[in-house]
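# Notes for the structure review
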Amino acid sequence: ELHQLLNHRSTHQQYNAEQEDDNNKMMIRPTTIAALVVLVTLSSTTTSAFQTPSNTRIISTTTLFSTPPERTSDQPPKPPLSTLVKRVAVAGATGRTGKLVVQQLLSQNVPVLALVRDTDKAMSAFDPTNELLTIRKTDLGSKDDVITAIQEGEGVDCAMWCATGFSDAPDQSIWDKVSAIFGFATNSQGSIDAVGLPALGEALAKSPKRTLANGSDKSAPLPKVVMLSSAGVTRPDWTDEKKSALEGCAGIPIVRLNPFGILGVKKQSEEELRNCGTEYTIFRPGGLNDKWPKNSRPIFSQGDVAVGRINREDVATILVDLLSTPEATGKTFEGVSIANSDGYYPPAESLSVALDRLILDKDGVSEDVARATYAIMQQLLPGEKQAAAELAMGQTYEQLDKEEIGRLGARGTEEAPIVKTA
């Protein structure tokens, strides 16, 4: 009887062990539940921020979350920029950003044609004895003059648009400011952006294809025209519902005030460039801030929902790098930066990987993706309050945190010191 009892107990323990093992196999752990929730959510028929709506064509080549082509350390580096371009025309070469672009191009032994309004200012800004630099007085508001400048530019095969048509330069005379304001207000369609930029594209449209492989038809094209635009250019035209839902980027000062319709002119100029028939790239930086740490990690996005800061020198570096980045061709994107504190967020070695993930303009960015991007980008805002819509023009995020009034006054009473220049 004792032997039978022990056998029964042993059999019962074995059965319990087997049953426990089966239960373990069938048990859904918390991590498994989380994974299933994500899977079910992404598989649901309900439209989510990461789903393509039923009426939107699925883009199988490039999406916001696509995987870029595999890159290995043994891949050959890009050739020097000086071997990829013959001469770069820079419009707005004496502006605060344009000047940095010219300096970077010259430092890489790239010949530059500086298109400027004031040659005396250009002669003082640059070394006129530099054999790589040619300075030409050019009316950027004249299509014929811009095209002539490119045609006579001794091998110009690409261009950089750094002219803004506006300035907050403190050295302008009262007369210059007044005449510029009224000149722009009465003839917005004649702004230099709307005229000179598409003229650059037209002048270069029929020039040979630029590639990393010296014009090979099998290689992806490099941009011939790189435009410095601005984040926020589409926001004044958003619906009231979208402005309310995305107030953190629709309610910032430059969008709320939109002095002289500057954002609308920039938007129109972008469209003119896209339709001019040449390879292009449009870069829309966030707030240019010379005090923000330079050599920081750029964060690129699409949908015109980015808000934040980026150092002007970093913008110039990006603009120059775009000339040798085929992944940027045919795309419009915004950029802000994360401060490179203690070397934790240095710039990537190449822009190619980040820009390869972005969507071509011809394919478009879905509304759901744009709103999901907005939710992420709002978490990257400077300051503690992270309330960009509460800012007054001229007020910093740090002043907002401290409840200090900015240099242009309280929100709703400020006046934008922006005037049109040639």
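All of these numbers come straight from a predicted model, not from anything done at the bench. (Residues numbered from 1 in each chain as written. Predicted model: local features only at pLDDT ≥ 70, side-chain atom pairs only at ≥ 80, totals over all residues. Heavy atoms only, no water.)

With 13 residues, helix α11 (residues 262-274) ought to run about 18 Å at 1.5 Å a step, and its terminal C-alpha atoms sit 19 Å apart, in line with that. Buried within α11 are the following residues: Ile 262, Leu 263, Val 265, Lys 266, Ser 269, Glu 270 and Leu 273. Down the axis of α11, the smallest arc covering the buried residues is 160 degrees, so these residues share one side. (Helix = DSSP H or I, 4+ residues; strand = E, 2+ residues; numbered from the N terminus. Expected span 1.5 Å × (residues − 1). Buried < 20%, exposed > 50% of the residue type's maximum accessible area, 1.4 Å probe, protein only. Arc of directions from axis to C-beta.)

Below, the discussion takes up the pairing of strand β11 (residues 331-338). With 7 of 8 residues buried, β11 is to be regarded as a mostly interior element. Relative to β11, strand β7 (residues 280-285) is paired through 5 bridges, and the arrangement is parallel. Bridging across to β11, Phe 283 finds its partner in Phe 333. Both strand β9 (residues 297-301) and β11 contribute to a ladder of 5 bridges, which runs antiparallel. The residue bridging Ile 299 from the neighbouring strand is Val 336, located in β11. (Pairing = 2+ DSSP bridges.)

Considering every residue of the protein chain, the mean pLDDT works out to 80; 73% of them sit at 70 or more. This stretch, residues 1-68, has a pLDDT under 50; its non-local contacts, to residues over four places away or in other chains, come to 36 contacts. Low confidence marks residues 166-189, where pLDDT is under 50. Its contacts with residues over four positions away, or in another chain, come to 30 contacts. (pLDDT = per-residue confidence, 0-100. Contact = heavy atoms within 4.5 Å.)

Those residues of helix α14 (residues 367-377) that sit buried are Asp 368, Val 369, Ala 370, Ala 372, Thr 373, Tyr 374 and Met 377. Where the residues of α14 are buried, they touch α8 (240-245), α9 (247-250), β9 and β11.

This brings us to the nonpolar core. With 38 residues, the main nonpolar core has Val 88, Val 90, Val 101, Leu 105, Met 160, Leu 319 and Leu 322 as its most contacted residues. Of all elements in the fold, only β1 (88-91), α3 (96-107), β2 (112-116), β4 (158-161), β6 (225-228) and α12 (312-322) reach the threshold of two or more residues within this core. Ranked by residue count, the leading element in this core is α12, at 6 residues. (Core = buried A, V, L, I, M, F, W, Y, C linked by side-chain atoms within 4.5 Å.)

In the contact formed by helix α5 (residues 143-151) and helix α7 (residues 192-204), the axes pass within 9 Å of each other and the chain directions differ by 40 degrees. Here α5 lies oblique to α7, going by the angle between them. Where α5 crosses over α7, the two elements pack in a sense that is right-handed. Note on element contacts: α7 touches α5 through Val 195, Gly 196, Ala 199, Leu 200, Glu 202, Ala 203 and Leu 204, opposite Lys 143, Val 146, Ile 147 and Ile 150. The residue makeup of the contact of α5 with α7, split by class, is 8 nonpolar, 1 polar and 2 charged. (Axes fitted to C-alpha atoms, helices over the stretch in contact; angles between N-to-C directions. Parallel < 35°, antiparallel > 145°, perpendicular 65-115°, else oblique. Left-handed = near helix turned anticlockwise from the far one by under 90°. Nonpolar A, V, L, I, M, F, W, Y, C, P; charged D, E, K, R; others polar.)

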